[in-house]
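Below are the chains, spelled out letter by letter.
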Amino acid sequence: MTIGTTLGEFIIKKQADFPHATGELTNLLSSISLAAKIVNREINQAGLSDILGAMGRDNVQGEEQQKLDWFANEKFKDALAARGEVCGLASEEEDDFVAFDPVSEKKSKYVVLIDPLDGSSNIDVNVSVGTIFSIYRRITPSDQPATLADFLQPGYRQVAAGYVIYGSSTMLVYTTGQGVNGFTLDPSIGYFCLSHPDMKLPEQGYCYSVNEGHYLKFPLGVKHYIKYCQAVDEQDKRPYTSRYIGSLVADFHRNLLKGGIYMYPSGTNAPKGKLRLLYECNPIAFLAEQAGGKASTGRERILALEPEELHQRTPFYVGSRFMVDKLEEFVAQYSDKSE
Ligand SMILES: O=P(O)(O)OC[C@H]1O[C@](O)(COP(=O)(O)O)[C@@H](O)[C@@H]1O
Ligand SMILES: [Mg+2]
Ligand SMILES: [Mg+2]
């Protein structure tokens, strides 16, 4: 497909690959791109409006909710509820899943799980943030309200996933299980246009991303892997570079383009890790695997995990396949050893 093809054209052309496709996923993806544009406009002029700062309350994660967390959540929720393809939404900013009312006679086939604003700690300091989304076919009958079971599906069942990065340019990167494609928002025409077709995650990278401020709290195997990344070995192009933006979407996006590994280990500060399986790790893992990379808990494939709770957390290692393999080797080697 040629560079510059709009997202809408791309999705419709891709739909032709599926003779039985009914266009509902196409509509769903276009409502996501619409909400992304509205959030993008707010972010671009954030300093001029009162959208910066905190809401003055905590969300279900026990984190201080930022105004933009709330705003993005409302915009995506409205856009997804409006067209009838989606029967419900689960979000980082909602205590429980939200079942949508049916729209006219439509039989809504999908559920969406979303991190409306990723990288909240970077909002007020003008550093790249993002939105992450994960889409499943519901498992309950389409004439019934959505249930929790529709959301607690293992990641390998995702029909689509992606993210929007609000950075020096705004991009939407997504997969429907046929590779990963990236679209850049052209502000002059207001459309996402194909800029990064068929993205591939390099098998080996030379960059590691982790909040080293928590180093002392990490499992022994992870500490040894970080020391391995920092050790001098010219042949292996080590030491690797350390890069950590503090927005999962931005750190992953860089590694998707250049190679590298992003790590958010468990630690005494976060016994199960910090990142949420359903709307952060599963969608990013689906993209990583579709681009030839790998995503792991340090021991298991992220996409194989059976979810138990909407907001459950997991240790997360994602990126270049050889680097995640190496990380898993260190975790296995030191798993029964203490400090
Ligand atoms: O500040 P820490 O502990 O390094 O955590 C940063 C990580 O937490 C996150 O901000 C969590 O996401 P939210 O901002 O959506 O809560 C990730 O984007 C990021 O990688
Ligand atoms: Mg997040
Ligand atoms: Mg968030």
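The structure we're discussing is the one just above.
We now turn to the structure provided with this report. (Residues numbered from 1 in each chain as written. Chains lettered and ligands numbered in written order. Predicted model: local features only at pLDDT ≥ 70, side-chain atom pairs only at ≥ 80, totals over all residues. Heavy atoms only, no water.)

**Remarks on the environment of arginine 138**
- Along the chain, the position of arginine 138 falls in the loop between strand E6 (129-137) and helix H4 (148-151).
- Taking the C-alpha atoms as reference points, arginine 138 and leucine 248, separated by 110 residues in sequence, lie 27 Å from one another.
- Excluding residues that lie within four positions of it along the chain, arginine 138 makes contacts with Cys87, Ser108, Lys109, Tyr110, Val111, Gln144, Pro145, Ala146, Asp150 and Gln153.
- Within the structure, the side chain of arginine 138 is placed 3.3 Å from the backbone oxygen of serine 108, a separation counted as a polar contact.
- Here the side chain of arginine 138 touches glutamine 144 through a polar contact of 2.7 Å, landing on its backbone oxygen. (Helix = DSSP H or I, 4+ residues; strand = E, 2+ residues; numbered from the N terminus. Contact = heavy atoms within 4.5 Å. Polar contact = N/O pair within 3.5 Å; in protein donor to acceptor, adjacent residues only side chain to side chain.)

**Some words on the coordination of the magnesium ion (ligand 2)**
- On the protein side, the magnesium ion (ligand 2) has Asp115 (OD), Asp118 (OD) and Glu280 (OE) as donor atoms, found 1.9 to 2.1 Å from it.
- Separation of the magnesium ion (ligand 2) from the magnesium ion (ligand 3) amounts to 3.7 Å, with aspartate 115 serving as a shared donor to the pair. Of this pair, aspartate 115 sits in strand E5 (residues 110-118) while glutamate 280 sits in helix H7 (residues 277-290); the two residues are 165 residues apart in sequence, bridging distant segments of the chain.
- Judged by relative accessible area, which is 2%, glutamate 280 ranks as buried. (Donors = N, O, S within 2.8 Å, 3.2 Å for Na, K, Ca; no water. Buried < 20%, exposed > 50% of the residue type's maximum accessible area, 1.4 Å probe, protein only.)

**As for the coordination of the magnesium ion (ligand 3)**
- In this structure, Glu92 (OE), Asp115 (OD) and Leu117 (O) serve as the protein donors to the magnesium ion (ligand 3), at separations of 2.0 to 2.2 Å.
- Mapped onto the polypeptide sequence, the residues donating to the magnesium ion (ligand 3) form the spacing pattern E-x22-D-x1-L.

**A short note on the site of ligand 1**
- Lining the immediate environment of ligand 1, one finds 19 residues, of which Asp118, Asn211, Tyr244, Leu248 and Tyr264 sit closest.
- A distance of 2.8 Å separates an oxygen atom of ligand 1 from a polar backbone atom of serine 120.
- Measuring from an oxygen atom of ligand 1, one finds a side-chain N or O atom of arginine 276 at 2.9 Å.
- For ligand 1, the accessible surface in isolation is 470 Å², of which the surrounding protein chains cover 89%.
- Residue assignment for the shell around ligand 1 shows that the elements contributing at least two residues are E5 and strand E13 (261-264).
- Of the residues forming the shell around ligand 1, the biggest block, three residues, is contributed by E5. (Near = heavy atom within 4 Å. Areas by Shrake-Rupley, 256 points an atom, 1.4 Å probe, with all protein chains shown as cover.)

**Some details on the sheet that holds strand E3 (residues 86-91)**
- The sheet built from eight strands is open, its strands ordered E4-E3-E5-E6-E7-E8-E9-E10 with mixed pairing. The open sheet has two edge strands, strand E4 (98-99) and strand E10 (191-196), and neither has a second partner.
- In this sheet, strand E9 (residues 180-186) lies alongside strand E8 (residues 170-175) in antiparallel orientation, the contact comprising five bridges. Of the residues in E9, the one forming a bridge with leucine 172 is phenylalanine 183.
- Helix-sheet contacts for helix H1 (residues 7-15) involve E8, E9 and E10, and the interaxial angle to E8 is about 10°. (Pairing = 2+ DSSP bridges. Axes fitted to C-alpha atoms, helices over the stretch in contact; angles between N-to-C directions.)

**Some details on the sheet that holds strand E12 (residues 241-242)**
- With respect to topology, five strands assemble into an open sheet ordered E12-E11-E13-E15-E14, the strand pairing being mixed. The sheet is open, and its two borders are formed by E12 and strand E14 (294-296), each paired with just one other strand.
- Across two bridges, strand E11 (residues 207-209) lies against E12 in parallel orientation. Bridge assignment links cysteine 207 to a residue of E12, and that residue is threonine 241.
- Each of E14 and strand E15 (316-319) touches H7; the most contacted strand, E15, lies at about 25° to it.
- Sitting on the sheet, helix H8 (residues 321-333) is in contact with E11, E13, E14 and E15, with an inclination near 25° to E14.

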